[in-house]
Amino acid sequence: MRVGVITFPGSLDDHDARVAAAAGGGEGVALWHGDDDLSGVDAVVLPGGFSYGDYLRTGAIAQHAPIMAAVRDFAADGGPVLGICNGFQILCEAGLLPGALLRNIGLRFVSRPTFLTVERRDTPFTRGFDHAGPFSVPVKSGEGCYHADDATLDALEADGRVVFRYVEADNPNGSARDIAGICNAAGNVVGLMPHPEHAVDPALAGGDDFLPMFTGLVGAVSAAPATAPA
């Protein structure tokens, strides 16, 4: 099972995402932002970092990268797509997820452990969790405040599209309704602001609470019908 991790100019967690994919039993495959296809991968990760230097807005330029046309087609065909931190920002800018990520409410870069609950455990990225948590995971962002209008937030709640939520009183960036991650209507595109790829090894400071995200992904893709090549 091959997990393609896209490197944009300014990505800095692409290697970590490939390592996390391998820890989950898959193969992390390096993809380049200038590619026009996904090399037949089974899942796609848009990693954290500062794509294109965060010029204009976070993710605003990356959403126009040549590879994003293939990502859109892959997502439309039901392929699993995960956006982490800057990747979440890119997915919102690309229209694959609703809302936007704004400056943290304290206008400071936040880097620390945080705790999440898994609100939905039937996506390709959450099927490996056997309970709702809370789970520990690092967050490191300056523009991690999830924002959407009230109608969009109400719809996300009603449709069960809030996938991850910060535990009460542990919201590091002021995100609306403590939302840490959401999915699209089909459930195959997921974005979250914290960094699960830094929480897959018990020997490291992040621990391994989010290893089930990657082991579960391998299991979910192995059990699902193949998507059309992109």
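Below is a short write-up of the structure. Within each chain, residue numbers correspond to sequence positions counted from 1 in written order. Local features in this predicted model are restricted to residues whose pLDDT is 70 or higher, and side-chain atom pairs enter the listing and the counts only when it is 80 or higher, whereas totals over whole chains, interfaces and linings include all residues. Values shown for side chains rest on all heavy atoms present in the structure; no hydrogens or waters enter the calculation.

### Overview of the pairing of strand E10 (residues 179-183)
Three labels apply to residues, based on accessible area from a 1.4 Å probe with only protein chains included: buried if under 20% of the type maximum, exposed if over 50%, partly exposed otherwise in between. A run of DSSP states H or I qualifies as a helix once it reaches four residues; a run of E qualifies as a strand once it reaches two. Both are numbered from the N-terminal end. With 5 of its 5 residues buried, E10 lies for the most part within the structure. Both strand E9 (residues 162-166) and E10 contribute to a ladder of 3 bridges, which runs antiparallel. Bridging across to E10, Phe 164 finds its partner in Gly 181. Pairing between strands requires that DSSP locate at least two bridges from one strand to the other. Where E10 meets strand E11 (residues 189-192), 3 bridges bridge the pair, whose relative direction is antiparallel. Across the sheet, the residue bridging to Gly 181 is Leu 192, located in E11. Between E10 and E11, which pair antiparallel one after the other, the connecting turn spans 5 residues, and Gly 187 there sits at a positive phi close to 85°.

### Comments concerning the pairing of strand E3 (residues 43-46)
Here E3 shows two buried faces, one formed by Ala 43 and Val 45 and the other by Val 44 and Leu 46. As judged from the 3 bridges shared by strand E1 (residues 2-7) and E3, these two strands associate in the parallel manner. If you follow Val 5 over to E3, its bridge partner there is Val 45. Both E3 and strand E4 (residues 81-84) contribute to a ladder of 3 bridges, which runs parallel.

### Thoughts on the packing of aromatic side chains
Classification of ring pairs rests on two measures: the distance between centres of Phe, Tyr or Trp rings, Trp counted by its six-membered ring, which must be within 6.5 Å, and the angle between planes, read as stacked under 30 degrees, edge-to-face over 60 and tilted in between. Taken as a whole, this structure holds 5 aromatic pairs when the rule is applied. Centroid distance Phe 88 to Tyr 146: 5.9 Å. Interplanar angle 10°. Geometry classified as stacked. Of this pair, Phe 88 sits in helix H3 (residues 86-93) while Tyr 146 sits in strand E8 (residues 145-147); the two residues are 58 residues apart in sequence, bridging distant segments of the chain. In this pair, the class of Phe 88 matches that of Tyr 146, namely buried. With centroids separated by 4.9 Å and ring planes inclined at 55°, the aromatic side chains of Phe 129 and Phe 135 adopt a geometry described as tilted. Here Phe 135 falls in the buried class, since its relative accessible area comes to 7%.

### A closer look at the side chain of Asp 13
You can see Asp 13 is positioned in the loop between E1 and helix H1 (14-23). Contacts of Asp 13, omitting those with residues within four sequence positions, involve Pro 47, Gly 48, Gly 49, Lys 140, His 195, Glu 197 and His 198. Here, residues are in contact when the closest pair of their heavy atoms is within 4.5 Å.

### Let's talk about helix H5 (residues 211-223)
Expected helix span is computed as 1.5 Å times (number of residues minus one). Given a rise of 1.5 Å per residue, 13 residues ought to cover 18 Å, and the 19 Å separating the end C-alpha atoms of H5 matches this to within 8%. Where H5 is concerned, the buried positions are Met 213, Phe 214, Gly 216, Leu 217, Val 218, Ala 220 and Val 221. Those residues of H5 hidden inside the fold are in contact with E1, H1, E3, E4, E9 and E11.

### Here we look at the pattern of salt bridges
When a carboxyl oxygen of Asp or Glu is within 4 Å of a side-chain nitrogen of Lys or Arg, the pair counts as a salt bridge. Scanning the entire structure with this criterion turns up 8 salt bridges. Arg 2 is the partner of Glu 27 in a salt bridge, and the nearest nitrogen-oxygen pair spans 4.0 Å. Separated by 25 residues along the polypeptide, Glu 27 in strand E2 (residues 27-32) and Arg 2 in strand E1 bring together distant segments of the chain. Its relative accessible area of 45% is what places Glu 27 among the partly exposed residues. Here Asp 122 ties to Arg 120 by a salt bridge, and the two come within 2.6 Å at their closest N and O atoms.

### Quick look at H1
Within the sequence span of H1, burial applies to Asp 14, Ala 17, Ala 20 and Ala 21. The buried residues of H1 all sit within an arc of 115° when viewed along its axis, so they share a single face. In this fold, the buried residues of H1 make contact with E1, E2, E3 and H5. Positive phi shows up at Gly 25, right after H1, with a value of about 105°. Arc, as used here, means the arc of the directions from the helix axis to the C-beta atoms.

### What about unusual backbone geometry?
Here the residue pair Gly 133 and Pro 134 is connected by a cis peptide bond, since its omega of 15° sits within 30 degrees of zero. Position of Pro 134 among the secondary structure elements: in the loop between strand E6 (110-118) and strand E7 (135-141). In the Ramachandran plot, Cys 85 falls in the positive-phi region, its phi being about 55° despite a non-glycine side chain. Mapped onto the elements, Cys 85 comes out in the loop between E4 and H3.

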